[in-house]
Amino acid sequence: MGERGLATVVEVGREDGDDVFEAPAQPQHQPSTSSAPPSGRKRTLPRQDSQRKISVMNAMDSPAEHGRIKKASFSDLHGQWKHAANKQRSRHGIQHSGGPEEGGAANDTEIFDWIKNTFTTKTCNTFIRTKTKTDEKLKTEVRVCGCGRTEGQHEVRLKTAPAEGVKWSPKEHVQKMRTNALGSIEFNVGGKTRSSQFVRVDNETNVEQLYNLFIDQWKVPMPNIIISVTGGAMDFNLKPELSLQFKRGLVKAASNTGAWIVTGGTNTGVMAYVGQAIADQPPHVRSGLTLIGFATWGVLYGTDKLTTAEKKNPKDSFKAAVKIAAREGTREAVRRGSVLLAKSKEDKEKKLMYVKSYETPSVGVKQPALDPNHTHFVLADDGTIGQFGKEINLRAEFESFVADKVAASENTSRTIVCVLLEGGPNSLKTVYDSFQLGIPIVIAEESGRASDIIAYAIKNCRETDAPGKVTFPADCEKKLRDDMKRDFRWGFELDVADRQHKSGSLSQHEYEARVKAIEEKVDQHYDYLIKICRKEFRKFVTIFSIKDVYNNDLDKAILGALLRAMQKEGEEPSQAELETQLKFAVKWNRADTAMKYIFDKKRDWKQNYLKDVLVECMLNNKHEFVKLLLENGVHSSDFARVSDLEGIFSLENTGSELMMKFLEMIRDKKQLKYENRYLHGVGHGVKSLMGGGFRLSFLTKNFAVNYELYSERRAEKKKLEGRELTDEEILEMNPPMIEDPCVFFLIWAVIMGYQEQAMIFWAAGDEFIAKALIAMRMYKSMAETMVSGSDQEEELLEHAEEFGEIALSLLNKAYKDDEDHMREMMVAFLKVCATHSIFGLAELADHETFIAHPSSQNILNEIWSGAIKQTSALDSKVVCALFCPPLMFFVLDYDMSGNIFDYSKEAGKMVASVAASEQEQGSGRERRISSDDDGVRASQIYDAADAADDVMVKLQQGYVNTENESKKEDDIPFYLKFYYFITAPVTKFFSNLVMFFVFLVIYTSFVLGDLPSHVNWETIVLALIVLSITTEELRQFLVESGRPMKRLEAYFSNIWNWLDFTGIFLFWIAFAMHYSQHIELRQTARFLFIIDIFFWYLRLLNIFTISKRLGPLVTVILNMLPIIAQFFTIWFLFMASFGVVMAAIIDPQWHGDVHFSDFARLIYHSYWQTYGELFLDVYHEATTLQDGKDCTLDHEAYPDLPPCPFLPLTGVVFLAIYMIAGNILLLNLLIAIFTSVYEETNSRSLIDWKNKRMALIVEYHTRPALPPPFTIFYHIYLTTHWKIHMAEAKLSKGLTIPITDEKREMLHLFEEEQKEAYMVELYDKEATDVAKQIRQVTDRVDQLGNTTREQLLSLEDKMALSATSAANLERQLNDLDQKLDNILGMLMRIAPDHDGPRYV
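Residues numbered from 1 in each chain as written. Predicted model: local features only at pLDDT ≥ 70, side-chain atom pairs only at ≥ 80, totals over all residues. Heavy atoms only, no water.

## Points about the state of the cysteines
Argument step 1. Going through the model one piece at a time under the given rule, you end up with one disulfide.
Argument step 2. Shown here is the disulfide that connects Cys1191 with Cys1204, its sulfur atoms set 2.0 Å apart. One disulfide, between Cys1191 and Cys1204, carries an S-S torsion of 100 degrees and so falls in the right-handed class. Here the residue Cys1191 occupies a position in the loop between α49 (1176–1184) and α50 (1209–1243), and Cys1204 occupies one in the loop between α49 and α50, the gap between them amounting to 13 residues. Each member of the pair Cys1191 and Cys1204 is classed as buried. (Disulfide = S-S within 2.5 Å. Helix = DSSP H or I, 4+ residues; strand = E, 2+ residues; numbered from the N terminus. Buried < 20%, exposed > 50% of the residue type's maximum accessible area, 1.4 Å probe, protein only.)

## Regarding the nonpolar core
Argument step 1. One finds Leu582, Ile598, Phe662, Phe803 and Tyr1003 to be the most contacted residues of the largest nonpolar core, which totals 195 residues.
Argument step 2. With 12 residues, helix α30 (residues 768–785) is the single largest residue contributor to this core.
Argument step 3. Excluding its chain neighbours within four sequence positions, the residues that come into contact with Tyr1003 are Leu1022, Phe1067, Phe1089, Asp1092, Ile1093 and Trp1096.
Argument step 4. Of all hydrophobic cores here, the second largest spans 65 residues; its members include Phe294, Val406, Ile416 and Ile458. (Core = buried A, V, L, I, M, F, W, Y, C linked by side-chain atoms within 4.5 Å. Contact = heavy atoms within 4.5 Å.)

## Remarks on the pattern of salt bridges
Pairing between side chains of opposite charge can happen when the charged atoms of each approach one another.
Argument step 1. One pass over the full model with this rule turns up 44 salt bridges.
Argument step 2. Salt-bridge contacts for Asp555 lead to Lys252; the nearest nitrogen and oxygen are separated by 3.6 Å. Remark: Lys252 occurs in helix α7 (residues 240–257) and Asp555 occurs in helix α18 (residues 554–566); sequence separation between them is 303 residues.
Argument step 3. The partner of Lys1303 in a salt bridge is Glu824, with the nearest N and O atoms 3.4 Å apart. Of this pair, Lys1303 sits in helix α54 (residues 1301–1390) while Glu824 is found in helix α32 (residues 819–827), placing the two residues 479 residues apart along the sequence.
Argument step 4. Glu824 gets classed as partly exposed once you look at its relative accessible area, which sits at 28%.
Argument step 5. Shared partners join several salt bridges into a network, and the residues in it are Lys252, Asp553, Asp555, Lys556, Arg590 and Asp592. (Salt bridge = Lys/Arg side-chain N within 4 Å of Asp/Glu carboxyl O.)

## Observations regarding the packing of helix α21 (residues 609–619) against helix α22 (residues 623–631)
Argument step 1. One can describe the packing of α21 onto α22 by two numbers: an axis separation of 8 Å at closest approach and a directional angle of 155 degrees. With respect to α22, the element α21 is oriented roughly antiparallel. For the pair α21 and α22, the sense of crossing is left-handed. On α22, the residues that touch Leu610, Val613, Leu614, Cys617 and Met618 of α21 are Phe625, Val626, Leu629 and Leu630.
Argument step 2. Residues of the contact of α21 with α22, tallied by class, amount to nine nonpolar, no polar and no charged. (Axes fitted to C-alpha atoms, helices over the stretch in contact; angles between N-to-C directions. Parallel < 35°, antiparallel > 145°, perpendicular 65-115°, else oblique. Left-handed = near helix turned anticlockwise from the far one by under 90°. Nonpolar A, V, L, I, M, F, W, Y, C, P; charged D, E, K, R; others polar.)

## Points about a negative patch on the surface
Argument step 1. On the surface, Asp612, Glu616, Asp727, Glu728 and Glu732 cluster together into a patch of negative charge.
Argument step 2. Counting only elements with at least two residues in the negative patch, the list comes to α21 and α27 (727–732).
Argument step 3. If you tally residues by element for the negative patch, the top one is α27, at three residues.
Argument step 4. Looking at the element boundaries, Glu732 is found in helix α27. (Patch = residues over 30% accessible without salt bridge, like charges linked within 9 Å, V, L, I, M, F, W, Y side chains within 5 Å. Areas by Shrake-Rupley, 256 points an atom, 1.4 Å probe, with all protein chains shown as cover. Lys, Arg positive; Asp, Glu negative; His and termini not counted. Charge placed at Lys NZ, Arg CZ, Asp CG, Glu CD.)

## Things to note about empty space enclosed by the protein
Argument step 1. Under the definition given, this model contains nine cavities of 30 Å³ or more.
Argument step 2. Volume-wise, the largest cavity comes out at about 330 Å³.
Argument step 3. Along its surface, the largest cavity is lined by 24 residues, and Asn992, Phe996, Ile1029, Tyr1260 and Arg1263 are the ones closest to its centre.
Argument step 4. For the lining of the largest cavity, the elements supplying multiple residues, two or more each, are α41 (985–1008), α42 (1017–1039), α46 (1100–1103) and α51 (1245–1261).
Argument step 5. No other element matches the six residues that α41 contributes to the lining of the largest cavity. (1 Å grid on protein atoms, 1.4 Å probe; cavity = no way out; pocket = protein on both sides within 12 Å on 5 of 7 lines; lining within 4 Å. Points joined across faces, edges and corners; volume = space filled by probe spheres on them.)

## Details of the packing of aromatic side chains
Argument step 1. For the coordinates displayed, the defined rule picks out 58 aromatic pairs.
Argument step 2. Each ring, one from Phe214 and one from Trp218, has its centre 5.1 Å from the other, and the planes form 85 degrees; the classification is edge-to-face.
Argument step 3. Ring geometry for Phe1052 and Trp1058: centres 4.6 Å apart, planes at 45 degrees, overall tilted.
Argument step 4. Since its relative accessible area comes to 23%, Phe1052 is described here as partly exposed. (Phe/Tyr/Trp six-rings, centres within 6.5 Å; stacked < 30°, edge-to-face > 60°.)

## What about helix α15 (residues 474–487)?
Argument step 1. Over its 14 residues, α15 extends 20 Å from the first C-alpha to the last, a length consistent with the 20 Å expected when each residue adds 1.5 Å.
Argument step 2. Looking only at α15, the buried set comprises Cys476, Leu480, Asp483, Met484, Lys485 and Asp487.
Argument step 3. On the buried face of α15, the contacting elements are α13 (425–436), α14 (449–460), α16 (490–503) and α17 (508–532).
Argument step 4. Two residues or fewer after α15 comes Arg489, characterised by a positive phi angle close to 70 degrees. (Expected span 1.5 Å × (residues − 1).)

## Re the sheet that holds strand β10 (residues 260–263)
Whenever strands of a sheet pair, they do so through backbone hydrogen bonds, lying parallel or antiparallel.
Argument step 1. With mixed pairing, 10 strands are arranged side by side in an open sheet as β12-β7-β8-β13-β11-β10-β9-β14-β15-β18. In the strand order of this sheet, the two ends are held by β12 (355–358) and β18 (541–544), each with one partner. The mean angle between the axes of side-by-side strands here comes to 25 degrees, regardless of whether they run parallel or antiparallel.
Argument step 2. For strand β11 (residues 290–296) and strand β13 (residues 376–381), the ladder comprises five bridges, and the chain directions are parallel. Looking across to β13, one finds that Thr296 is bridged to Ala380.
Argument step 3. Strands β9 (226–231), β10, β14 (416–421) and β18 of the sheet are contacted by α7, whose axis makes an angle of about 155 degrees with β9. (Pairing = 2+ DSSP bridges.)

So this is what it looks like as structure tokens:
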């Protein structure tokens, strides 16, 4: 066959009965110059080549050769196209299936072979001339067949031309053949390669085979819905806002639901917009989208690059094998080389066949090209070229088939929706056909042409009396007809016909026929509009408009159209249909659409279905759906069992970095050691985050024991069954219950960092202020311990501030509404927390503004005065009563009902009895804990503190009624007055203050004198007082909750505890040393006593915090201490640098005489010079020293003299520089910093003082009634009643009082009212803000409108002025012309009459 042969018959994987096809070997425009074998016959190899082929096959039978062949050819040469196919699979998240030798289902070769053997295409086999056209390259006239091809463009051997007069027919002159275009297209986009799968198929292909191609061969995940995008095929422009909304909404809809997007596949019109929408997405989003293009093969650009390349002659492989034989000289090498080369050649041909490079044409090419952003292409061929729309039926059948498959698998309605963007006249028929098939359509209004016409028609149609008929007002009908003529170019055709008719080129008859044809088109499409607007089709239409505030999101419009189409009029949807609709709404994350179409009325849902959906939405942070589900059918009580709550804290659901860190934290602390026992570890993890002895109510010993037993039963059952247990089996094991699951959900949302969900769970349940303070404390703790120094720290602190504002707002509303209820609510025992009241949580969360609120201060005043009535000059009266005890019975007034923290005797007895019984039951009980991964067995014995916790829980549950009955003051006996007086915190404070002053007086006297050599009364008194202080500090440390290290951390976080510890430690060291017989130790002891009393005097500063005037000053001092430490570091560098220079100049030392002690004198002068002591006499003396007399420069000549100063006058210069840097720069900088700190602290002085005052009041609220040294007797008493004291101390430290269940319900209702009022106020505020913003925008628009109007008026004035000026100029020019004519006339009259020149 010649080099310019048109086609070569090739055969790939052909079996008996297969069709053969012809692949083009040259460009399509080249004419045929050689003969070819008859059609329907394959080309055979020569006999010699056949024998050599047999020898090659024999060589492949050898096992050794077979292994080498497979390794060399398949792995090395086949790898390139295989990699390209795998790359395409990875775009869609599909795992590569290896071949049989790799354990996979099928390799790529088998996939392509399946495609070739399954799909056919069509091509013309008979050339029948119908017209001629000009070849643009050859510039000559060529004949064109009825299929649209020239004679040289046909793909198969042409049959004999039929007789003249035979018309070309696709039924007679088109044959089927096996597809010759398949594989992967590589697009070069911006220097990057994008791959897409493609196949050329018959336009009448069985769509089930296409479906199997996508699912089984290309491994595309089955879609949830089909989004078919149709519209204008030619390029058009969209408004930027509409284009943005369309692209964003389409991608959001597809990515949320795993949809298949189906388009026309080319890079023009609506298809280009869809492709660009995919291209604009980041790679991780783009890789999860499936965009399928159905296009007509015969109209595409570059189809010749997509067909199979020509096979080379197998002789080439044999010739290469001969070369190997000649080089190696063995017959075996001949066989091996021939096999290797033959296989390599086959693999190279497969690479050419399966991987096609495709470049988008430049501007000016008329044929549409494939869009590079599509992932799959189905190219339909009917055997013709140049004719559009041959893929429409195949595409529609495929979409319907896939939708039916999805509906069958989900047991619900079809899930297919069409989106119309712009569009031509055919779009009207497409919409009508879709309605008849029950396919909903979303119409993008303002996109132009068909979309706008249909939208306008639907909005303006009117119902008629006839069923199923609609009509339009006269003006609307005229507008619709005019719009169709204009937008579909029929009006242009009428204008052309009219001009041709007037010019005479078109006869009257032809003109009337053309006008009639156009009018018939208008009537036909107007009928489509009437049908589209029928009532039964109205539910299938959704108009998407960027101007519609409620429907300006395309994804929302698509979902709404889908849900509305699923609903049947007069019928309730089935459970499967409801679940499918809700599934789509959740995937779309459109709670508003779900509320409109699904939760519009009460429906019966399958048990636990909504509960599972809620958990899914929680884990995916779809907070709007969480709120919707909680408001429509899901109750927090549904999650009361621990089995329901364990899942959200399981390791599989840790989608948050914060949650991972939290689980790592509790795992490191061995609080999360057991399988499926997350809640217990989570509770202890929250306890660690909260600190301050906080404990959730459910973390009692009884719950822990029940939880452990349940976990063991569940683990044994699971191991026995060998599978996961069902919900029914879990319920049979009676899992423990949680009283308020909303608290757990709130904690989970806070740990996950989901603020919106945290707000939702905060608003559910009870005890809203407490939950807000818990969330605030957790956010602060997480920001400090988990993400400190990162960007997320600021975000968590903002969340904490938000919850703090909520708590403060509720407190303020409750205070204004009912102060008495608010006071009880602030200190009542909480259901969510077993250790703190709201007031205690505010202190724990360090909510300064909350504590400074008047309501909080009123409670502090009640705590401060105890049972003593609050009167003017209360502090003075208490001090007088301390020095004159009888005054306590006559000067002070008492009120038992005023002391809200006074526990009755019955409560104390209850505490004692419960604690004793718990100790009996708990003694010797060891709880066996399941082993961890290392097989270590651990045991845990509940100590006295846990028993005390159970006492508090029983108090919380209402076993004790601690409400005091008010009595008249005259009925209070003297011993109770004395008890109330000494137990009031104000009395404790002043009694401790008096005794502390006594201690300082005695201690000062002791220090000022010499240490006595024997024990005297001063020593005994001081020792007893310090011993009482020591035991009190030890008591405070022991009543703290938590592990020992946590207690130490909490204790030493307070600077006053540091002063106490230092003073106590130095005192006992000095006390032990001063009785020594060694004088050195006694002197050391005296020095330690002197240093120690300094710390005791500083301890007085804490007492001043109770003062409204002195307290803020103490706060300023404490705030300045860190600044001084930072400033001193810089200051020290200046002093050291100057000290070294001056010492080297003024007081040098001989080499070898420098000692460590000399370093101390480096900063001696420079330090004091900062304060003004310049030591100028030293510098003057240095300048007067004489060499050889007072000092020397020659050490060998005068070894006894010190070295002379080095240029002593320069020391004065350095001193001046140092004074400028030290005194002027640094000290003034320090003053400025201190001023800033003072101003900042002073602006918050009142808030800071109130918070410091609270800390002092709470401390003395929990202190013993007797001051040192008498405190030691109370501590001795506590050794036998420690358990009772622990329970009372936790109640007191948490600022908590037990209440009855009735009282708690009443307070919950009161708090619920405040929460609802707050939510209404917040909603009104948001609405007001939105209205304000709208008003501002409106005012701005009006302002711009006025400005524009003024500019237009100004422009009109200028134009009018210009017109007037032009008229004046024209009039002046006319006058000038008239004057010139007059002058010329005069000149002609006076000119002489001769033959000379004349003026004309």
